[in-house]
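# Structural features, examined
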Amino acid sequence: MSGGWLGAARLGAVALVLGLALPAAGQSPTVPGLYYGDWLDEKDREEDAKPREFVLINYFFTRLSVTNSVGDPAGLKGVSLGPIGSLSGSSVRVEPGRSAFYVEQRWIPVLEYSPSFADGLASFRAQFEVDYLWGRAANASQQNEGGGFNADQVNLQTKNVNVAVYPTRNPARLTLLIGTQPVYDSIFDPTRSPLNDIVRTGYKLAFIGSDATGLSLYSNYKGLSKLSLLPLGSAQADKATRDDPRLKFVYLLTADYAYPVQPGTNIGLSAWYLRDDTKGDAYAFEGIVKSGPSSTGLYPFVGTPRFNIERPTGNVFWLGANFHHNIDFRAGRLAASGFVMYNGGSYTSDRADTTFNKTVDISGLSANLEVLYQWGRGPADLVTLEGMFTTGDSNLDDGRYTGAFTLNQYGLPGSVWFNHKMLLLFPFTSTVNNYTGAVTDISNQGYGLRTGIASAAWDIIPNTLNLKLATGLANSGASPPRWDPAVRRGRFIGAEVNAEVRYTIRYLMTVGLHAGYLFRGAFYDGSTTVKNNPFAAFTTFTWYAF
């Protein structure tokens, strides 16, 4: 490795703190320990300070929003989620004379301890989060609250607490993560990889993007490998009916492998399996919103379909292939990435006398492709073109579902496509408590998605002032049911244009201006809550400190 061995890894960890429900633990390679002499001789860094055993990374973010897309934060106690036009959940409305403004704030401290006496074998880390809207709630105990007068709120959220074990004392060669950790559908170790690599490789968080507790193994031996075993939820599903107090679980097992066909170019394969024995009794928001595809409360918050089934048990599997080429632009000006993913499986009702579907079978296909060209002097001078396709289902009440199935079926949210560059057509990803847009899950509420997005960015002042322009449009794959029996809904969701300006005040301290306008399509014909074209303007301030 180069002389920036320690710093580069920490910078990659810092970047991962960014984003809604995108927790990541900051990590640096471990202290050289007994091998310090060899490391010093090899790197010839006599003038450098010794690597620190204890590291604190601070991430601070605040956003001012002015928009006519107004969600109700009461349902999730301070949080607004879900697709524009949904009649339940956060019920995001776009109506004449109903624009709103608010300020939201996030603070994330990341703690890491790599003691020298561990001799490079292990690191401990913990990540916490404090989120709230300015002026909302005080003198109480509740997450996502505490911006009111007096403050005095207990609102510390535990995001990650884990230990990384390095059996070979080389984190790149072999890492075992034990505990609560970031869980993404990229093959890269999120504790050691920059955000840019995570969101533009693998499946781009379109299927999995959150936290979970369990075991994960990462290795770069003869390619990149990842194995994970994660219990996503639990419930005493048979306590009331069979006097069985045992916990039943939702388990996720993932296996990923990528082979570097040349430097900077990887081709990967994935096989994942989910087993749900909770019979719909596990919670995505404890005591309020149950998880799983039969939940009556989850789907309007995350934009997934709800299956017409009760007390289901079942399994889902995913088989995927992905690639990325030159995403850091070290091998030329052209870069690309993409994936194909098939999901299948079935859920079966536990009730023999059910009046709903006894079984729901799943079969869906998703595909993505992005091409990037670095036209100017630096990596921020970019033009990009990206497309996303998912199959859809025109009848969500029958026993066969033919769309994409993501972990939004189990989390609030459980996946967040992070690479789309939109502000309204898809949710603006620089956020805290508000994650709303026309499409909030790649299944598009089960109706399928066809979208194309183009952007152009220019570093007007290199590494200081950046301008980005973007446009995108989206279509539903299947015709949605009517809101008004007399008005037929179309498939065209809408087209967005937006502009963003970011200014770097100091190193890792930026301020941004972001504005977008969405021309709504016939997808909203007959809606009683979407009567205007959505617009939004944001001011953001971001600061990483470590």
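Just above sits the structure.
Small disclaimer: the values here were computed from a predicted structure and weren't measured.

Parameters and conventions
Residues numbered from 1 in each chain as written. Predicted model: local features only at pLDDT ≥ 70, side-chain atom pairs only at ≥ 80, totals over all residues. Heavy atoms only, no water. Helix = DSSP H or I, 4+ residues; strand = E, 2+ residues; numbered from the N terminus. Rg over C-alpha atoms; globule rule 2.2 N^0.38 Å. Buried < 20%, exposed > 50% of the residue type's maximum accessible area, 1.4 Å probe, protein only. 1 Å grid on protein atoms, 1.4 Å probe; cavity = no way out; pocket = protein on both sides within 12 Å on 5 of 7 lines; lining within 4 Å. Points joined across faces, edges and corners; volume = space filled by probe spheres on them. Nonpolar A, V, L, I, M, F, W, Y, C, P; charged D, E, K, R; others polar. Core = buried A, V, L, I, M, F, W, Y, C linked by side-chain atoms within 4.5 Å. Patch = residues over 30% accessible without salt bridge, like charges linked within 9 Å, V, L, I, M, F, W, Y side chains within 5 Å. Areas by Shrake-Rupley, 256 points an atom, 1.4 Å probe, with all protein chains shown as cover. Salt bridge = Lys/Arg side-chain N within 4 Å of Asp/Glu carboxyl O. Lys, Arg positive; Asp, Glu negative; His and termini not counted. Charge placed at Lys NZ, Arg CZ, Asp CG, Glu CD. Phe/Tyr/Trp six-rings, centres within 6.5 Å; stacked < 30°, edge-to-face > 60°. Contact = heavy atoms within 4.5 Å. Polar contact = N/O pair within 3.5 Å; in protein donor to acceptor, adjacent residues only side chain to side chain. Pairing = 2+ DSSP bridges.

### A few points about the overall build of the protein chain
Within the protein chain one finds 5 helices and 25 strands. Taken over C-alpha atoms, the radius of gyration comes to 23 Å for the protein chain, in line with the 24 Å a tight globule of 546 residues would show. If one aligns the C-alpha atoms of the protein chain with their principal axes, the spans along those axes are about 80 × 60 × 55 Å. Here the protein chain holds 546 residues, and 54% of them are scored as buried.

### What about the layout of surface pockets?
As a volume, the second largest pocket reaches approximately 1100 Å³. Around the second largest pocket sit 35 residues that line it, and Lys159, Ser210, Asp211, Ala284 and Leu412 are the ones nearest its centre. Broken down by secondary-structure element, the contributors of at least two residues to the lining of the second largest pocket are strand 6 (122-133), strand 7 (157-165), strand 8 (174-184), strand 9 (209-219), strand 10 (224-235) and strand 13 (283-285). Take the lining of the second largest pocket: its biggest share by element is 4 residues, from strand 9.

### Digging into empty space enclosed by the protein
A water-sized probe, rolled over the atoms, reveals where empty space remains. Per the counting criterion, the structure on display carries 8 cavities of 30 Å³ or more. Empty space within the largest cavity amounts to approximately 130 Å³. Lining the largest cavity are 15 residues, with Arg63, Tyr102, Leu423, Thr436 and Phe538 sitting closest to its centre. Breaking the lining of the largest cavity down by element, the ones donating at least two residues are strand 1 (54-67), strand 20 (434-437) and strand 25 (535-545). Ranked by the residues each element gives to the lining of the largest cavity, the list is headed by strand 20, at 4 residues. When its residues are assigned to classes, the lining of the largest cavity shows 9 nonpolar, 5 polar and 1 charged.

### Quick word on unusual backbone geometry
Residues other than glycine predominantly adopt negative phi, and peptide bonds predominantly adopt the trans conformation. Geometrically, the link from Leu412 to Pro413 is a cis peptide bond, its omega value of -15° lying close to zero. Mapped onto the elements, Pro413 comes out in the loop between strand 19 (400-401) and strand 20. Phi at Ala151 takes a positive value of approximately 55°, unusual for a residue other than glycine.

### Side note on the nonpolar core
In this structure, Phe207, Leu274, Trp318, Tyr347 and Ile493 are the most contacted members of the largest nonpolar core, which totals 52 residues. Listed in part, the 19 residues of the second largest apolar core include Ile187, Ala258, Val289 and Val302.

### Notes on a positive patch on the surface
A cluster of basic residues, Arg450, Arg482, Arg488 and Arg491, forms a positive patch at the surface. Checked against the element boundaries, Arg491 lands in the loop between strand 22 (465-476) and strand 23 (492-506). According to the relative accessible area criterion, Arg491 is partly exposed, its value standing at 39%.

### Observations concerning the packing of aromatic side chains
Throughout the structure, instances matching the rule amount to 21 aromatic pairs. With centroids separated by 5.2 Å and ring planes inclined at 40°, the aromatic side chains of Tyr59 and Tyr544 adopt a geometry described as tilted. Separated by 485 residues along the polypeptide, Tyr59 in strand 1 and Tyr544 in strand 25 bring together distant segments of the chain. In this pair, the class of Tyr59 matches that of Tyr544, namely buried.

### Overview of the environment of Ser86
Structurally, Ser86 can be placed in the loop between strand 3 (80-83) and strand 4 (93-94). A residue is classified by how much of its surface remains accessible, and Ser86, at 12% relative accessible area, is buried. Sequence separation of Ser86 and Glu496 is 410 residues, and the distance between their C-alpha atoms is 19 Å. With residues up to four places along the chain from it excluded, the contact list for Ser86 reads Ser91, Val92 and Pro300. A polar atom in the side chain of Ser86 sits 3.0 Å from the backbone oxygen of Ser88.

### Digging into the pairing of strand 10
Sheet topology places strand 9 next to strand 10; 5 bridges connect them, and they run antiparallel. Opposite Tyr218, over in strand 10, you have Lys226 as the bridge partner. Where strand 9 folds back onto strand 10 in an antiparallel hairpin, the turn is made up of 4 residues, including Lys222, whose phi is positive at roughly 55°. Bridging between strand 10 and strand 11 (residues 248-262) involves 11 bridges; their strand directions are antiparallel. Of the residues in strand 11, the one forming a bridge with Leu224 is Ala258.

### Details of the pattern of salt bridges
Considering all chains together, one arrives at 24 salt bridges under this definition. Between Arg63 and Glu104 there is a salt bridge, and its shortest N-O distance comes to 3.0 Å. Placement of the pair is Arg63 in strand 1 and Glu104 in strand 5 (residues 100-113), with a sequence separation of 41 residues. The exposure class of Arg63 is buried, given its relative accessible area of 2%. Using a relative accessible area of 0% as the deciding quantity, one classes Glu104 as buried.

### So, the pairing of strand 25
Burial along strand 25 is one-sided: the residues Ala536, Phe538, Thr540, Thr542 and Tyr544 are buried and none of Phe535, Ala537, Thr539, Phe541, Trp543 and Ala545 is. The pairing of strand 1 with strand 25 spans 10 bridges and is antiparallel. Among the inter-strand pairings, Tyr59 is bridged to a residue of strand 25, identified as Tyr544. Note that strand 24 (residues 509-520) and strand 25 share 9 bridges and pair antiparallel. Residue Tyr517 lies in a different strand from strand 25, and its bridge partner there is Phe535.

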